[in-house]
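Structural overview
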Amino acid sequence: MDLSRNFKGRSFITLKDYTPEEILYLLDLAAELKAKKKQGITGDSLKGKNIALIFEKPSTRTRCAFTVAAADEGGNPTYLAGNEIQLGHKESIEDTARVLGRMFDGIEFRGFKQEHVEALEKYSNVPVWNGLTDEYHPTQILADLLTMREHFGRLKGLKFVYLGDGRNNMANSLMIGCSKVGVDFAIIAPESLWPTERLIGLCKGYAGESGSTITVTDDADAVKDADVLYTDVWASMGEEDKAAERIALLKPYQVNTELMKKTGKESTIFMHCLPAVKGKEVTEDVFESEASVVFDEAENRLHTIKAVMVATLGQ
Ligand code: CP
Ligand code: NVA
């Protein structure tokens, strides 16, 4: 079945809105666009399209990926720093959405509230892409899944373990993405940092359909047999005041050489969405080791974000 028609005009707010087939379609499209780019072939699928990039929080990878991907496909990206536009100071999200929707063909939003990216979608009448909120970071998950598929040649049946802040945007989105595509997913974190019961329940439903499993535990020995160990910063953007408390809470969950060995598999890879705080959630030696695929993940942000824009807005 040709899925390409399913995407036109749609937003990309959370992976909950996408079927496993649609997620795999985006990975295939990203792989195709990546192979073309390696041969020096870019496209014109976004020719004449103006794209707004709103960033209330800092970014290197996401901002650069949207900018380069848009340019590669002939689109025109405009960066809008959160503190330099009226949004949040003089103007509501609803009014901002209606103004931007009159001028732009697509809008990327990185910020704090998930409700804001949802309001942009509701009021702008153009595709809106979530570049990270406190709750979700869905474009990162596409890059992570593409990286895993490139490395292992498959996704189904892989054993994925996330350690650290188990209720942040990365943990939430990874749990949704992995459970949808059939990757066995575990979160290892202290109980106070587990995801909500509601999201766990939802993802258990996805896992039931894809034939995978969801495990949430505080026992670091659960890394046994893992194909992937994944971690993220212990204090996310906007939670800087929690750093000291999190260090105390999460020290036992650091990804270090000893923990990598505990998987019992020499083939286990290390993943991180970046930026990383070396010496905290991951040691420098694991980060720099052969097992680390973090820069493949970073590059894949470009190809997967391009796939999302081409699928939803491209001609
Ligand atoms: N992984 C990620 O989103 O990186 P940036 O914060 O640099 O965009
Ligand atoms: N959880 C991190 C992810 C950064 C890409 C944060 O929100 O800061």
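In case you missed it, the structure is sitting above this.
Residues numbered from 1 in each chain as written. Chains lettered and ligands numbered in written order. Predicted model: local features only at pLDDT ≥ 70, side-chain atom pairs only at ≥ 80, totals over all residues. Heavy atoms only, no water.

Let's shift gears to the sheet that holds strand β5 (residues 159–163). The 5 strands lie next to each other as β7-β6-β5-β8-β9, forming an open sheet whose pairing is parallel. Two strands close off the open sheet at either side, each with one partner strand: β7 (214–217) and β9 (269–272). In this sheet, adjacent strand axes meet at a mean angle of 20° when their direction is disregarded. Pairing of strand β8 (residues 228–231) with β9, which is carried by 4 bridges, proceeds in the parallel orientation. In the strand pairing of β9, valine 228 is matched with isoleucine 269. (Pairing = 2+ DSSP bridges. Helix = DSSP H or I, 4+ residues; strand = E, 2+ residues; numbered from the N terminus. Axes fitted to C-alpha atoms, helices over the stretch in contact; angles between N-to-C directions.)

What follows concerns a negative patch on the surface. There is a patch of like negative charges on the surface, built from Asp17, Glu115, Glu118, Glu121 and Glu135. Within the secondary structure, glutamate 135 sits in the loop between β4 (128–130) and α5 (138–152). The exposure class of glutamate 135 is partly exposed, given its relative accessible area of 33%. (Patch = residues over 30% accessible without salt bridge, like charges linked within 9 Å, V, L, I, M, F, W, Y side chains within 5 Å. Areas by Shrake-Rupley, 256 points an atom, 1.4 Å probe, with all protein chains shown as cover. Salt bridge = Lys/Arg side-chain N within 4 Å of Asp/Glu carboxyl O. Lys, Arg positive; Asp, Glu negative; His and termini not counted. Charge placed at Lys NZ, Arg CZ, Asp CG, Glu CD. Buried < 20%, exposed > 50% of the residue type's maximum accessible area, 1.4 Å probe, protein only.)

So, on to the nonpolar core. Core analysis: the biggest nonpolar cluster contains 61 residues, and Met148, Phe160, Tyr162, Phe185 and Met309 have the highest contact counts within it. Among the elements that take part in this core, helix α11 (residues 294–313) stands out by supplying 8 residues, more than any other. Leaving out residues up to four positions away in the same chain, methionine 148 has contacts with Gly153, Arg154, Leu155, Leu158, Phe160, Val183, Val228 and Met271. Residues Val223, Leu229, Val286 and Ala298 belong to the second largest nonpolar core, which totals 23 residues. (Core = buried A, V, L, I, M, F, W, Y, C linked by side-chain atoms within 4.5 Å. Contact = heavy atoms within 4.5 Å.)

Purely geometric stuff here, so don't read any function into it on its own.
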